[in-house]
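Reading the structure
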Amino acid sequence: MLDKGLINPYGKHPGLVFPDDEAVSVLTPALKKRIAGTADQMQTSKVKMETARYREDGWRVLFAVRGTLFTNSLLPALLVAALSAALAGLHLFFDKWIRFHDTPHTLAIMPVALMLVFRSNFSYDRWLTGRTAIGQFVFASRCLVIKGPSCLCGPQHLVKQQSEKVARIVMATMIATRHSVQSRPSEEKTASVEEKAAMTKLRCWELRHYLMDAEMRQVRESAVPVPLTLNRLLYATLVEPLSPNSRVQYKWCTAVDDLAKHAGDLLAAWQGMMKIANTSIPFVYVHTLEAVLTIWIATLPFALLDERVDMGWLTVPICMILAVLLFGINNVGKQIEDPFGNSPNDFDLVNFQTTLHNEFTGLIGKEPWATNEPFADEARG
């Protein structure tokens, strides 16, 4: 393959040794998860894969905790249990002093339930839209690498060189897209100077697996987001065979239009993912839901201890179970509303990257490269 070619980002390639001691050691665990090849990232990918394969676990999935509604709801449930136990004890000690009409409390669950359902549906729609954008990106990438060699004619080694260059830039675009959608401005703004420098160094280290020195200089010197710079490089690469002096030419006139459309699809997929990553659910909605839900759960022991109901000590387990369920449903929405992060239910973007790498390596290595075939008649005239 030409120079670097499609080398494995996780291997010990000469000149691209993973800079553990130099950069990774200064990063927080959250930042380490955003760099492919770190131990934290590999562990996160493993957890994501285990979570995604729940259908293979059968009945054992019932005993899972990581990535479920129990993950962030146990602590508030314990607080509710402590509150309900204290109220139940006081209620019995002071001869059933609690008087609380439960009808308003029962009616109040309706708006809480509607808001929970809306947030869960809205979050799942974001999750599904994110998966659609990833699928669009993967499809366009495959089309560029598969169709490219079939559209070209010329010396075999030059056709292979041109096709490999397209594949390299597509892979670099995949890495830059992952960096872009996993970037959290609020976290990186508070990062130290050393952490910011380390993240920049490690992100460039990932890109250097696929980009030549001249291409890396364009990335570093550009003032626009890296995916945009790489998309511009991709377009420039696709139109190279249109040059009269190029020894590699397209077999028909409209071939470049088809490939350029797929390059545009890469850009559209990145923009779709960025829209999800940068647009959160309106704060007023989240604040209202959290406040109403907390108030309803906190007043639940009073409703269960009213003299017309008086659940006694059963108030404690009932309140705890309802707290786990309601706070858990709310946390489900929190987990899946941003599907490009590093929680167990988020998409494993590094796995998509590795899959494309392996596919492109196989395609470029086994492609029956074109030779000096003449242009089609319609291409000549």
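Computed from a predicted structure; not experimentally measured.

Glancing now at the packing of aromatic side chains. Tallied over the full model, the rule gives five aromatic pairs. Taking the centre distance of 4.8 Å and the plane angle of 35° together, the rings of Trp127 and Phe347 count as tilted. Residue Trp127 is located in helix α4 (residues 102-151), and its partner Phe347 is located in the loop between α12 (315-336) and α13 (349-366); the two are separated by 220 residues in the primary sequence. The rings of Tyr124, Trp127, Phe340 and Phe347 are connected pair by pair, giving a single aromatic cluster.

Note that His262 resides in helix α10 (residues 255-278). Judged by relative accessible area, which is 4%, His262 ranks as buried. Polar side-chain contacts of His262 include one of 2.9 Å to the side chain of Lys147. Those residues in contact with His262 that sit more than four places away from it in its chain are Ala140, Cys143, Leu144 and Lys147.

So, about the pattern of salt bridges. Pairing between side chains of opposite charge can happen when the charged atoms of each approach one another. Summed over the entire model, instances satisfying the criterion amount to 10 salt bridges. Notably, a salt bridge pairs Arg119 with Glu337, separated by 3.2 Å at the nearest N-O pair. Residue Arg119 is located in helix α4, and its partner Glu337 is located in the loop between α12 and α13; the two are separated by 218 residues in the primary sequence. The class for Glu337 is buried, based on a relative accessible area of 17%. Of the charged contacts, one joins Lys165 and Glu240 as a salt bridge, the two residues approaching to 3.0 Å between their closest N and O atoms. With a gap of 75 residues between them, Lys165 in helix α5 (residues 156-182) and Glu240 in the loop between α9 (226-238) and β2 (249-250) connect regions that are remote in the sequence. Three or more residues are tied together by salt bridges with common partners; here these are Arg119, Glu290, Lys334 and Glu337.

Quick look at the environment of Ser150 now. Its place among the elements puts Ser150 in helix α4. We classify Ser150 as partly exposed; its relative accessible area is 40%. Residues Ser150 and Lys251 lie 101 residues apart in sequence; the distance between their C-alpha atoms is 8.5 Å. Not counting residues up to four positions away in its chain, the partners in contact with Ser150 are Lys251 and Trp252.

Here is what the cut-offs are and how they apply
Residues numbered from 1 in each chain as written. Predicted model: local features only at pLDDT ≥ 70, side-chain atom pairs only at ≥ 80, totals over all residues. Heavy atoms only, no water. Phe/Tyr/Trp six-rings, centres within 6.5 Å; stacked < 30°, edge-to-face > 60°. Helix = DSSP H or I, 4+ residues; strand = E, 2+ residues; numbered from the N terminus. Buried < 20%, exposed > 50% of the residue type's maximum accessible area, 1.4 Å probe, protein only. Polar contact = N/O pair within 3.5 Å; in protein donor to acceptor, adjacent residues only side chain to side chain. Contact = heavy atoms within 4.5 Å. Salt bridge = Lys/Arg side-chain N within 4 Å of Asp/Glu carboxyl O.

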